[in-house]
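Given next are the chains, with one letter for each unit.
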Amino acid sequence: MSAPSAPPISPPVASSPSSAGLRRPGNGTPVGRRRRPVVGHGVGFWFAAAAFTVLMAFGTEPTPLWPMYQARDGFGTTTVTVAFAMMIVGATAGFLTLGHLSDRLGRRRIVVPALAVAIVAALVYLMWPELPGLLVGRFLNGVGVGLMASTATMYLHDLYQQEHPDRPGSAVPGVVAAAANLGGLALGPLTAGLIAQWAPHPLTTTQAAFALALSVSLVLVLATPETVDRTARAGAGDDRPPRFALRRGTGAAFAAASALGTFAFALLGVISALGAIVIRTKLGIDSHIVGGLAPTLMFAASALGQLALGALPSRRLAATGAVVFPLGLGLVALSLHFPTLPLFLVAVSVAGAGAGLLFKSGIGWAGALAVPASRAGVLAVFFTIAYLGMGLPAILLSVIIRHTSVEATMTGFAVAVSVGAVAAVRVAMRLTEHGLGAARQG
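Residues numbered from 1 in each chain as written. Predicted model: local features only at pLDDT ≥ 70, side-chain atom pairs only at ≥ 80, totals over all residues. Heavy atoms only, no water.

**Examining the overall build of the protein chain**
- The secondary structure content of the protein chain amounts to 16 helices and zero strands.
- Considering the protein chain as a whole, with its 442 residues, one finds that 57% of them fall into the buried category.
- Roughly 16,100 Å² of accessible area belongs to the protein chain as shown, and the carbon and sulfur atoms make up 68% of that amount. (Helix = DSSP H or I, 4+ residues; strand = E, 2+ residues; numbered from the N terminus. Buried < 20%, exposed > 50% of the residue type's maximum accessible area, 1.4 Å probe, protein only. Areas by Shrake-Rupley, 256 points an atom, 1.4 Å probe, with all protein chains shown as cover.)

**Notes on the side chain of Gln306**
- Within the fold, Gln306 resides in helix α12 (residues 288–309).
- For Gln306, a relative accessible area of 2% puts it in the buried group.
- A polar side-chain atom of Gln306 sits 3.4 Å from the main-chain carbonyl oxygen of Gly356. (Polar contact = N/O pair within 3.5 Å; in protein donor to acceptor, adjacent residues only side chain to side chain.)

**Some words on a nonpolar patch on the surface**
- There is a patch of nonpolar side chains on the surface, built from Val175, Leu304 and Leu307 and spanning about 250 Å² of accessible area.
- Locating Val175 in the fold gives a position in helix α8 (residues 172–198).
- On the basis of relative accessibility, which here comes to 38%, the residue Val175 falls in the partly exposed class. (Patch = residues over 30% accessible without salt bridge, like charges linked within 9 Å, V, L, I, M, F, W, Y side chains within 5 Å. Salt bridge = Lys/Arg side-chain N within 4 Å of Asp/Glu carboxyl O.)

**A closer look at helix α2 (residues 66–73)**
- Within the sequence span of α2, burial applies to Trp66, Pro67, Met68, Tyr69 and Gln70.
- Structurally, α2 contributes buried residues whose contacts are with α3 (77–97), α6 (131–149), α8, α9 (202–222), α11 (251–282) and α12. (Contact = heavy atoms within 4.5 Å.)

**Regarding the nonpolar core**
- Phe58, Leu115, Phe344 and Tyr387 are the most contacted members of the largest nonpolar core, which has 125 residues in total.
- It is α11 that provides the largest number of residues to this core, a total of 17 residues. (Core = buried A, V, L, I, M, F, W, Y, C linked by side-chain atoms within 4.5 Å.)

**Some thoughts on the environment of Ala311**
- Positionally, Ala311 belongs in the loop between α12 and α13 (314–337).
- On the basis of relative accessible area, Ala311 is assigned to the exposed category, the value being 81%.
- Remark: the alpha-carbon pair of Ala311 and Val175, spanning 136 residues in sequence, is separated by 9.7 Å.

**A few points about the environment of Ser361**
- Looking at the secondary structure, you find Ser361 in helix α14 (residues 341–369).
- Separated by 100 residues in the primary sequence, Ser361 and Gly261 have C-alpha atoms spaced 8.8 Å apart.
- Apart from residues lying up to four places away in sequence, Ser361 is in contact with Leu260, Ser314, Leu317 and Ala318.

**Some words on the packing of aromatic side chains**
- The final tally for this structure, using the stated rule, is 13 aromatic pairs.
- Measuring from ring centre to ring centre gives 6.0 Å for Phe58 and Tyr125, while their planes differ by 65 degrees; the resulting arrangement is edge-to-face. Residue Phe58 is located in helix α1 (residues 41–60), and its partner Tyr125 is located in helix α5 (residues 108–127); the two are separated by 67 residues in the primary sequence.
- Classification of Tyr125 by relative accessible area gives buried; the value is 7%. (Phe/Tyr/Trp six-rings, centres within 6.5 Å; stacked < 30°, edge-to-face > 60°.)

**Describing α3**
- With 21 residues, α3 extends 31 Å from end C-alpha to end C-alpha; this agrees with the ideal 30 Å at 1.5 Å per step.
- Taken as a whole, α3 has its buried residues at Val80, Thr81, Ala83, Phe84, Ala85, Met87, Ile88, Gly90, Ala91, Thr92, Gly94 and Phe95.
- Tucked into the core, α3 has its buried residues touching α1, α2, α6, α11 and α15 (375–401). (Expected span 1.5 Å × (residues − 1).)

**A few points about the pattern of salt bridges**
- By the definition in use, this model includes four salt bridges.
- Of the charged contacts in the structure, one is a salt bridge between Arg72 and Asp73, with a shortest N-O distance of 2.9 Å.
- With a closest N to O distance of 3.5 Å, Arg109 and Glu226 form a salt bridge. With Arg109 in helix α5 and Glu226 in the loop between α9 and α10 (230–235), this pair connects stretches of sequence that are 117 residues apart.
- For Arg109, a relative accessible area of 19% translates into the label buried.
- Overall, Glu226 belongs to the buried group, its relative accessible area being 1%.

**Concerning the packing of α11 against α13**
- One can describe the packing of α11 onto α13 by two numbers: an axis separation of 13 Å at closest approach and a directional angle of 20 degrees. Here α13 runs roughly parallel to α11, going by the angle between their axes. As α11 packs across α13, the resulting crossing turns out to be left-handed. Across from Phe263, Ala264, Leu267, Val278 and Lys282 in α11, the residues of α13 making contact are Phe325, Leu329 and Leu336.
- Partitioned by chemical class, the residues of the contact of α11 with α13 number seven nonpolar, no polar and one charged. (Axes fitted to C-alpha atoms, helices over the stretch in contact; angles between N-to-C directions. Parallel < 35°, antiparallel > 145°, perpendicular 65-115°, else oblique. Left-handed = near helix turned anticlockwise from the far one by under 90°. Nonpolar A, V, L, I, M, F, W, Y, C, P; charged D, E, K, R; others polar.)

**What to know about the confidence of the model for the protein chain**
- Averaged over all residues, the pLDDT of the protein chain is 83; the fraction at 70 or higher stands at 86%.
- Within the protein chain, no element has a lower average pLDDT than α10, which sits at 58, and none a higher one than α9, at 96.
- pLDDT under 50 marks residues 1–34. Its contacts with residues more than four places away, or in other chains, come to 129 contacts. (pLDDT = per-residue confidence, 0-100.)

**Structural notes on the side chain of Thr224**
- Along the chain, Thr224 falls in the loop between α9 and α10.
- Filtering out sequence-adjacent residues up to four positions away, Thr224 remains in contact with Val38, Val39, Gly44, Phe47, Arg108, Tyr155 and Leu159.

**Thoughts on unusual backbone geometry**
- Positive phi values are uncommon outside glycine, yet His201 reaches one of about 45 degrees.
- With respect to the element layout, His201 can be found in the loop between α8 and α9.

**With respect to the packing of α5 against α6**
- It is at 8 Å that the axes of α5 and α6 come closest, and there the two elements cross at 165 degrees. Between α5 and α6, the crossing angle belongs to the class labelled roughly antiparallel. Of the two elements, α5 crosses α6, and the hand of that crossing is left-handed. Where α5 abuts α6, its residues Ile110, Val111, Pro113, Ala114, Leu115, Val117, Val120, Ala121, Val124 and Tyr125 lie against Gly133, Leu134, Val136, Gly137, Arg138, Leu140, Asn141, Val143, Gly144, Leu147 and Met148.
- Along the lines of polarity and charge, the residues of the contact of α5 with α6 split into 16 nonpolar, four polar and one charged.

As structure tokens, then:
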């Protein structure tokens, strides 16, 4: 849930592992690399973006299907959130074990396994339909999301940079990365809801459709050029980029920036895990399309907010998010006390837009605080922290709801997350400005 976004981080040309020792001849094939014919970097850029979109959509496609799994297998809300959180566990494993390696091994060499693991997850869903299979599939789904989310943004930047070396400061790769990431997260519930509403055997049909889409995406990425020259890395001997390296004295600033990702993803996780169930139980609507509509609008608003305001500096993005995010959360709580579908959908859209701004500012700061050669590793750690925020609050709320009302639980959640987000913005603004200033002087 690639998320959840991997918003724009524009690495300097000189610091990119792909920009040293790798030059593109006229046929689009990197020098020093003997591989089957591939498309050029320009076409490959769009192939990679399409694959990024499909895999992120696969991460959120179960959202409108959770009530159907409940009805089929007879488990409760807590089991739903545990199944949802298994993807978070898998994503964390992907981020921490392999996500940082694209700086050394190459972008495509991480994206291809990400898609392969996701295809295996879809096959597990199809061939092992019981609850244990669902949990295993969700874990593998998360591994694929973790590998993709920590690598695809840098891959898109590299591909665009090598296709257009005369446009080093272009916002295009960042905009496309944000649209692919959050757009994919938004498309997942909508696609699954449409299939569940009208297709036969919706649980099976949905997974088969995504298995096919992921397979096509894998073929597209295999035809896309690698952007990191591993031969240059091999020639450098032991001079490998560190797995996780921040600019000197910026550890506290990175923690504050990561907190923004945590609070933003807390909302995304709760609505993804429980949104369809809330619509069915509180609003009395059984439509699978409507069940997928809330997370779809939330992720879409998050993407649109980032795209509309993406040119703003991180400080202004965070300040705007600190206003919009609590407003949206307040509306979410209000929509449960006075349950109407339009109010609930508007509320999650406003909150999603605020979450997107907070997340984009946080990851922007995290990228700026990273040592350039370790940017992928730093972003992997950032995503790990953010994804923990996506999973743990959802599980906690599912347990609390068993002992109190949904209205009281969501109101408490809205207050706690709003206060935490505003406090994190204030601390992040102060520490990142001080940390970056000290790093430049050092």
